[in-house]
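Results of the structural survey
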Amino acid sequence: MKVAVLKGSAVATSAAFVWATYYVFVPLLHSLDPLTLFFYPSLFGFLLFLLFGLYSGGRIPLPSKKRDYLLPGMGYFASQILIIISTLANGGVLTSTFILLGDTVLSPSIVFALGRNRFRPRLRFLVVGLVVLILSAGMLTLFGGYVSLKSAEGILLLLLIPPSLSVFFVYTNERITDDGMAEILTPAFLVSSVFIVAYAFISGTAHPVEFGSAYDLFILFLIGATSMFVGYLLFFKASGMAGFTLSSILMALIPPFTMMLGVAFLGLRATPLSVSLIILAAVGASLCTVAFAEGGALSRSRA
């Protein structure tokens, strides 16, 4: 059994937990413009990755290809704006389930179609693990009593999340493999922040960059430090250890973690069914990890 895969699985699980905290922080800032929920965390993410790059590499982290000054930022901007608006419109658990479809189904499918998977999993364990993991996470939303979809616009938002996330993560992972994490993510977060400033300037409104109090700014910093820095740091670290495919699959743990945090901090009610589904999701994640840990290695240069 590959120790690197097991360690990478643990790191990816930590990333899923960190990203789930986003759905606890966002409800604390309902009075802010949705663009503000994007602008400041992105700005803080840029600053933290800039410091990380300076610390780890001793220089300002810059990508080697000119297109990477813009493309990752555009992908990040599009996917995160969709997630923010959908979280406000549809709720965190439902939104995180469609993030699951992008991360757990579409992204690994793209990687496999491109022949970029690093490890050859044992299909028997993988298929069973995926079915248990995805169904339990999906049922957690459908039968947990927390679905808040209210409009056709909400449906459209949800449908756009999986492809936007997949394109961003698959492309970004490829470039991080070549250049490094800080070199790709630092300009991505900066460019996406600049988009908001440009919009505020063109529209003549300051709402996208306004915050009401020092408390609001503190929560925005926490979102930036967790979801826009630590979460990405852990995810791409896990991808380098266990492969992008398994790391993406384990993001199916975001809905169970979201539910657990919602029960702990947002007053959601834990039912025997939801607890059982969370346990099943953990079992499915374990089976997926075993499938890759027991499988064969393909190429160290792959995802």
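In this report, we go over the structure that sits alongside the text.

**Notes on the environment of Asp179**
Of note, Asp179 is situated in helix 7 (residues 152–179). Linking Asp179 and His30, residues 149 residues apart in sequence, is a C-alpha distance of 38 Å. Those residues within four positions of Asp179 in sequence are excluded, and the remaining contacts are Pro63, Ser64, Lys65 and Ile184.

**What about the nonpolar core?**
If you look at the biggest cluster of nonpolar residues, it comprises 73 residues, and the most contacted ones within it are Phe169 and Tyr232. The leading source of residues in this core is helix 9 (residues 214–242), at ten residues. Not counting chain neighbours up to four residues away, the residues in contact with Tyr232 comprise Trp19, Phe49, Tyr76, Gln80, Phe168, Phe169, Met181, Leu185, Phe189 and Ser227.

**Focus on the pattern of salt bridges**
In the structure shown here, the tally under the stated rule is four salt bridges. The closest approach of N and O atoms between Asp179 and Arg175, which form a salt bridge, is 3.3 Å. Placement of the pair is Asp179 and Arg175 together in helix 7, with a separation of four residues, close to one helical turn. The buried category is assigned to Arg175, whose relative accessible area is 4%. When salt bridges that share partners are traced, they join Asp68, Arg175, Asp178 and Asp179 into one network.

**Notes on the side chain of Gln80**
You can see Gln80 is positioned in helix 4 (residues 71–90). For Gln80, a relative accessible area of 8% gives the class buried. Ignoring any residue separated from it by four or fewer positions in sequence, one finds Gln80 in contact with Phe38, Met228 and Tyr232.

**Topic: the environment of Asp178**
Locating Asp178 in the fold gives a position in helix 7. Given the relative accessible area of 56%, Asp178 is considered exposed. As a C-alpha pair, Asp178 and Ser64 span 114 residues in sequence and 8.9 Å in three-dimensional space.

**Quick word on helix 8 (residues 181–203)**
With 23 residues, helix 8 should cover 33 Å at 1.5 Å per step; its first-to-last C-alpha distance of 33 Å lies within 8% of that length. Positive phi shows up at Gly204, right after helix 8, with a value of about 70°.

Procedures and definitions
- Along each chain, residue indices are assigned from 1 in the same order as the chain's sequence is written.
- Where totals are concerned, whole chains, interfaces and linings use all residues; where local detail is concerned, this predicted model gives features only for residues with pLDDT of at least 70, and gives and counts side-chain atom pairs only at 80 or more.
- As a rule here, side-chain values cover all heavy atoms of the structure and leave hydrogens and water aside.
- Only runs of H or I of at least four residues qualify as helices and only runs of E of at least two qualify as strands under DSSP, and these elements are numbered from the N terminus.
- Whether two residues are in contact is decided by their heavy atoms: any pair within 4.5 Å suffices.
- The set of buried Ala, Val, Leu, Ile, Met, Phe, Trp, Tyr and Cys residues whose side-chain atoms join them within 4.5 Å is what this entry labels a nonpolar core.
- We call a residue buried when its accessible area falls under 20% of the maximum for its residue type, exposed when it is over 50%, and partly exposed in between, using a 1.4 Å probe and counting protein chains only.
- We define a salt bridge as a contact between a side-chain nitrogen of Lys or Arg and a carboxyl oxygen of Asp or Glu at a distance within 4 Å.
- To estimate the expected span of a helix, count its residues, drop one, and scale the result by 1.5 Å.

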